[in-house]
Structures are given as structure tokens and as C-alpha cells.
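The residues making up each chain are set out below.
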Amino acid sequence: MPTFLPTRFAQLASGLTLCSTLSLAPALAQPTKPTAANTLTVQVNKPGAPIAKTMYGLFFEDINFAADGGLYPELVKNKSFELDEHLLGWRGIRGAAALSTYTVSGQQPISATNRHFLRMTAATASPDAGFINEGFRGMGIKQSAEYTFSVYLRRGPGSVSGLNVTLEEDGQRGAGPEAAGSGRVLAQTKITGLTGEWKKYTAVLKASGTAPRARLKLTMEGTGTLDLDVVSLFPKDTWNKRENGLRTDLVQLLKDMNPGFLRFPGGCIVEGRNLTERYQWKETIGDVATRVPLVNRWNMEFKHRSTPDYYQSFGLGFFEYFQLSEDIGAEPVPILNVGMACQFNSAELAPFTGSTAGGPSAPTAPSGHNHADDDPTLETFIQDALDLIEFANGPASSPWGAKRVAMGHAAPFNLKFIGIGNEQWGPQYLERYEPFMKAVKAKYPGINIVSSAGPSPDGELFDKASQRLRELKAEVIDEHYYAKPEWFRQNVGRYDNYPTTGTKIFAGEYAAQSVAIGSPDNKNSWDCAISEAAFMTGLERNADKVIMASYAPLFAHVDAWQWTPDMIWFDNLRSYGTPNYYVQKMYSTNPGTTMLPVQRGENAKNGHDNLFSSAVADDKTGEIIVKLVNYSTEARPVSINLQGVKKLGKTGKATVLASNDLNAVNTLDQPLNVAPKDESFKVGSASVTYTLAPHSFTVLRIPGKR
Ligand code: AHR
């Protein structure tokens, strides 16, 4: 398997140096009057297109421990012993010396899809007869919080009387990580009443202290044999207090953004390194205990950030993604495999016979699988898409709708979008896309389809894909750009000449890279964030063409990431938004409802002299919203003429994100180093003056109607 360093990444990685030229000095000169070029006319009386409700959204991919170890708060790693390395995440106490034997066995397992369990045998009773689970870079435990412990147990020969369960702080490194009892005990319980049959046991542990890196210790009481499986430790405090719910602080950060959509599950993860390892949504629904884990394609992708213990448990599966979308008020946008493994890896293709154009036949019945190498044809992928739409929207009387209802969601999820393929390119994509799209449209004409323009924002492959997709009357084309900060500022006019009719654009993955794509030295610097803010004025000005946009990737664990930059970083207990997060949030919480044209004096273009702007009307609140980026070391007075505005109020609200240091970042210890601040300002007349801070992104909300 080749290591992931796509051509575009390799090109950028070679020979690029830190791209920001830094100007750290605050402006000393007192701002003077606005120049003609700094005079903006917002044509309130010439409104443009409506702003799509989906305009600013989220891109979620299980990269950087975004799911297991992140948003999905299960604390036990490899809870079912089903990973390729069966004891990954587990270690015997003192090397399991107190056990006479231990093994991962497959004899009479819990179920056909959960085939392995841990069997421990002790000839002599000992407090060290057992195993420790390390969690995902430790377990984050909070004082007074409650955790539900559950396990399946089966007693074998002998007289084992119970299982001791101890949650303890990870020991002093010098004492050896496997040393029993070396850490402070945070909670303890004992499971008793064992039988000779598999049975689920549950207990609630209340933590006596806080620990960012705790571990779970399980020891046998007595002598004999004990089988364990599906070991779980799950916080009770989850989003909406759900049993299989999500981490609250991370969901809150998402909800606070007022996102228009949630794209999931990726990203390259959709494709897999080969087709056997592709993301199969059907494997991710139903009883959590029966979901079979799969290797995460990001585990060894970057040699310099290899993460061999990275798997997908699918505890966060498609049902949970739909539920999350609903919780945060976002349109769900599932992205589906188009019969192509990642083209940066094996580029394996599902055979395409051309026989699928009329659509496949009957829906497949729900069944259990286990990622077997199933040699799928394109029909399999198309059928998966049709079944997914039925799962999301179908009635309880339909086979897949019944699955959703059985999981506790009787109402449809009201799915409106699906993506066909992630970041695909070339003729292999287009020839698969066409029958796929036609089959979906034939059965579900109301579903909007997202198609891919490939990994680069320009070039021959991009042009050919865009042209062909437009010929095919594609509804939404997904464009990706990972580039240097200056690219974002220089390309603010990217969409100015795109056609206003027909195909719309989804800026589906973008982020400014402070060093180069794939570089572990990339930072979520203010330079990157303000450059993205500048670029996004161009998205907003073209909201008749661009209807969706999302920064990527979304999440990263500070101790387990593969890719940087990322919008939100976290450890086991804390999380913070980067400056890029605040830029996104300032757009998504101020989306407006109607685009308003903005003109500058002297016919200066958007971005001229490092001043960027866009405007929208918010017809719901009766406000004009102006977004302004001053990418300059000087404070800059601007004059904003609200042409034709009605019912002007007296006081406006400014939200300002600024730093004199283009290298500034946020951290776990300084999460608000670069964060928005609100202030009010006087409006007075239809000609509003405001002084923009040096290196700032400002959103002005001015009471006034169109
Ligand atoms: O966002 C990280 C990766 O970048 C995505 O998985 C992929 O679609 C793109 O190459």
C-alpha cells in the first residue's frame, strides 16, 4: 500500500516555506477619513438571490480521532476484541503473570458478527489477575460524573465469584504503565451473580476525582475461567442524555455554529484504501454491540504521523449522524462510495458493465455483514444509495424504513441531499457517476445529488469533470481547495464569472495551509483564518452560484491527529475553536436571507488594497449585515452607504475578530486568544462610518430593511 502523499500534496510539500509575511506592529497612525476606495455602496434596493439555508455547514470525517476518542465518547478501546490485533488497547496486569492462561477465543461467541472474546484463567486468586484497557490516549474522567460500565460475562470451569472493576488514574510513567494500583482510584465496583451463559451486566461508576488520562482495570475474583466481551464504559452525560450519545462540549461547539448542513462520513474514509475497506453504512446501524469494527484508512497514511491503533468502531454510525444533524439543525448530507477506492491509494474499481442505467431491481433485505471481501459491482453501490434514502425517509412498512423505526426514530429524517463519490476524478468517476445518478433520480427525483470535481480547484481534470457534470445537468458540484493563505485572498473572485443558472457549487472542503498540504507543521494561524474570511466574502457575493461551503477537516485530538490544520481541537476533557472556527461561526451565525451587491469607490475590485467585503439582508430580523476583512497592518476607516435602506435604526452591533499577530493561534490553555468580541456602534444615517481594526474580520449588523 503506497503511503498517502498525493501529487498535489507532494508538489506543495516540496520547497514551500512558511508563507505568511508577518507584520506584527499595531497601527500607530490615527486613522484618517475613508478614501474613495474605502467607500462601499451596499445596494439595499437592488437585492440579489436568496441565501441558501444550507450555505454554511460542516464537514465531518473520522480523521484525527474525530469519532472514537472524540465525538463518540465510548472510553474503552477495542471493546469487543474484534480488531485485527485482538488485544489492541488491552494489556495484562504485570504482563498477566497472575493468570495461568489468557487468550482471545472464538468458541461459542456472543453472536456471528461478534466472534471474539477474552478468556482468562487463574489457578491462584490474585488482585493482579486481569487486564487494563488504556482508552483512546487515556480516558477523560470528570469528578462527580457518572459512567455506565457494561460487560458480557460467562463463567467457565472453576469458581470465579466476580469481576472487580476499577477506574484509576494512569500510573506514574516511571512505575511502569502496567503496574497494578499505581494510580489513584477514581471509582470501583464488583460484578457478581455470574452464570455459565453469556449475560450482560451493568453498573454505574461515580468518579471521585478528575483525571485526563484514566484507565479501566478488570480483575477476576477467585479462581477458574471467565469470558468477557463488549466491555463498555460510557459517560452518562451525553448530548440529550442519550445512552449511545455524543460528547457534549463538541456537539455544543457545532450547534453554536448554526450549521446549514452536516456532511458525513467524509472524506477519503468513504472510499477506503481498497473496496473491502470502504465505508459501508449498512454495517454501522442497529445494535451497537453487533457493529463490526474496520481499520481506519488514516491509520498509516502519513508516515510522519502514523497511528496504527486507529480503527472505526462505528458506535457513531449513520443513524447517529442523522440524529446529530437533527440535533444541531443541519441538513444531513451523506456522501456515498461510487464504486471507487481512494485514488490516492489502490484506486480499485467496482466493475462497471453499463447495465445499470435503468436502475437496479428490488431493494435488498437488511442483513448482517462483516466487511467480507465481497467483490461488489457498481449495482451494489447504487443499491446501497437507494436503500439509504429508504432508511432515512421511508415508512415503517418499508424494509429499510423499518430499521430506522426500530432504532427509535419513527419520523423520517427528511433527507434531501446525497453525495455520489467523495473526491473522485477521471473518466472512471464520470462513467460510474452517470448511471448512479440516473438510478437515484429515477426512484427519488426530489433528492439533490452532489457530484465531485476532484481534488484540485483547477487543471485539466477539474475542467473536464466540471464540463461533463454540467452537461449531465448536475445539481451540485463539490469543489475542494487546500492551498496557501494567499491563494484564498487572491482567489476571492473565483466565482464571479461562474454561470448563474444551472449547476450550483458546494465548496465542500477547504482550508488555508500555513506550510503545505500534508505538512505536520501547518498551524491554525490567524493568517490562515483571516485569509479564509476574505475568500468567503467571494462565496457570499456569489450566493446565487455557491449554495454550500464547509471547512475541512472538522476535529482533531491533540494527542492523536494525522492531519493539520483542523477547525476544532480537543483532548480527553477539553476542547477549543481555532481562529478558523470563529471565522466560520461568524459567517454561519450571520448568514442573512438575501444577497446584496456591494460596490467600491473608484470601481475598486473586492480585495483591492486588502479590503474585502460582502453584504446580505436579514429579512427575518430587519437588518443589513456587512462582512469586512481588513488584511492590513493599518486601522482602516470605511464608509458604508446603504443605498435605498428603509427603517434605519440608531445602533448597530459589530462582531470583531482581530489580532496583530498573523501567527497567533488558540490552544487548550488559551482557547480565546483569537476570539470574537462584540461592540455597539452609532448608525446615525444611511452613510455609516466604521473603523476596521488592523488585520481584522468584522461583521456589522445594522438595523435597516430593504
Ligand atoms: O480533509 C482531509 C481529506 O482531504 C479528505 O478526506 C479528502 O476528501 C481530501 O483529500
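Residues numbered from 1 in each chain as written. Predicted model: local features only at pLDDT ≥ 70, side-chain atom pairs only at ≥ 80, totals over all residues. Heavy atoms only, no water.

Describe the overall build of the protein, and please don't skip the residues or the numbers.
From N to C terminus, the protein includes 10 helices and 34 strands. What you see for the protein is a C-alpha radius of gyration of 27 Å, in line with the 27 Å of a compact globule of 706 residues. In terms of its C-alpha atoms, the protein occupies a principal-axis envelope of roughly 90 × 60 × 50 Å. Restricting to contacts in the protein with at least 6 residues of sequence separation, those with at least 24 account for 79%. Taken as a whole, the protein presents about 25600 Å² of accessible surface, with 51% of it coming from carbon and sulfur. Side-chain charges in the protein split into 70 positive and 71 negative, and the spacing between the mean points of these groups amounts to 6 Å. (Helix = DSSP H or I, 4+ residues; strand = E, 2+ residues; numbered from the N terminus. Rg over C-alpha atoms; globule rule 2.2 N^0.38 Å. Contact = heavy atoms within 4.5 Å. Areas by Shrake-Rupley, 256 points an atom, 1.4 Å probe, with all protein chains shown as cover. Lys, Arg positive; Asp, Glu negative; His and termini not counted. Charge placed at Lys NZ, Arg CZ, Asp CG, Glu CD.)

A description of the packing of helix α4 (residues 378-393) against helix α6 (residues 427-443) should follow, citing residues and the corresponding values.
Their axes nearest at 10 Å, the elements α4 and α6 cross at an angle of 35 degrees. Both α4 and α6 take part in a crossing whose hand is right-handed. Together, Leu378, Phe381, Ile382, Ala385, Leu386 and Ile389 of α4 and Arg432, Pro435, Phe436, Ala439, Val440 and Lys443 of α6 make up the contact between the two elements. (Axes fitted to C-alpha atoms, helices over the stretch in contact; angles between N-to-C directions. Left-handed = near helix turned anticlockwise from the far one by under 90°.)

How would you sum up the nonpolar core? Please name residues and give values.
Ranked by internal contacts, the top residues of the largest apolar core, which has 134 residues, are Phe60, Phe318, Ile418, Trp526, Leu539, Phe555 and Phe697. Ignoring any residue separated from it by four or fewer positions in sequence, one finds Phe318 in contact with Phe264, Pro265, Tyr279, Trp281, Thr284, Ile285, Pro334, Leu336 and Leu388. (Core = buried A, V, L, I, M, F, W, Y, C linked by side-chain atoms within 4.5 Å. Buried < 20%, exposed > 50% of the residue type's maximum accessible area, 1.4 Å probe, protein only.)

How would you sum up the domain arrangement of the protein? Please name residues and give values.
Segmenting the protein into domains produces domain 1 (19-51 + 593-703) and domain 2 (90-237). Look at where the C-alpha atoms of domain 1 and domain 2 centre, and you get two points 57 Å apart. (Domains from an automatic or database assignment.)

Describe the sheet that holds strand β20 (residues 476-483), listing the residues and the values that go with them.
Taken together, eight strands build an open sheet; the order of strands is β2-β14-β17-β18-β19-β20-β21-β22 and the sheet is parallel. The strands lining the two open edges of the sheet, one partner per strand, are β2 (58-59) and β22 (546-551). Bridge count for strand β21 (residues 504-512) against β22 is four bridges, and the pairing is parallel. The partner of Ile505 across the bridge, within β22, is Val546. Packing against the sheet, α6 makes contact with β18 (417-420) and β19 (448-452), and its axis sits at approximately 175 degrees to β19. (Pairing = 2+ DSSP bridges.)

I'd like a rundown of the packing of α4 against helix α5 (residues 399-406), residues and numbers included.
At a closest axis distance of 7 Å, the pairing of α4 and α5 adopts a crossing angle of 45 degrees. Considering their axes alone, α4 and α5 lie oblique with respect to each other. Note that α4 runs across α5; the crossing there is right-handed. For the pair formed by α4 and α5, the contact residues are Asp387, Glu390, Phe391, Ala392 and Asn393 on the first element and Pro399, Trp400, Gly401, Lys403 and Arg404 on the second. Among the residues forming the contact of α4 with α5, the class breakdown is four nonpolar, two polar and four charged. (Parallel < 35°, antiparallel > 145°, perpendicular 65-115°, else oblique. Nonpolar A, V, L, I, M, F, W, Y, C, P; charged D, E, K, R; others polar.)

Would you mind going over the packing of aromatic side chains in detail, with residue names and values included?
Considering all chains together, one arrives at 45 aromatic pairs under this definition. Centroid distance Phe264 to Phe318: 5.1 Å. Interplanar angle 80 degrees. Geometry classified as edge-to-face. You can see Phe264 sitting in strand β14 (residues 261-264) and its partner Phe318 sitting in helix α3 (residues 318-327), a full 54 residues away along the chain. Here the two residues Phe264 and Phe318 agree in accessibility, since each one is buried. A centroid spacing of 5.1 Å and a plane angle of 80 degrees characterise the contact between Tyr581 and Tyr582, whose relative ring orientation is edge-to-face. Take Tyr581 and Tyr582: they sit in the same class, and that class is buried. (Phe/Tyr/Trp six-rings, centres within 6.5 Å; stacked < 30°, edge-to-face > 60°.)

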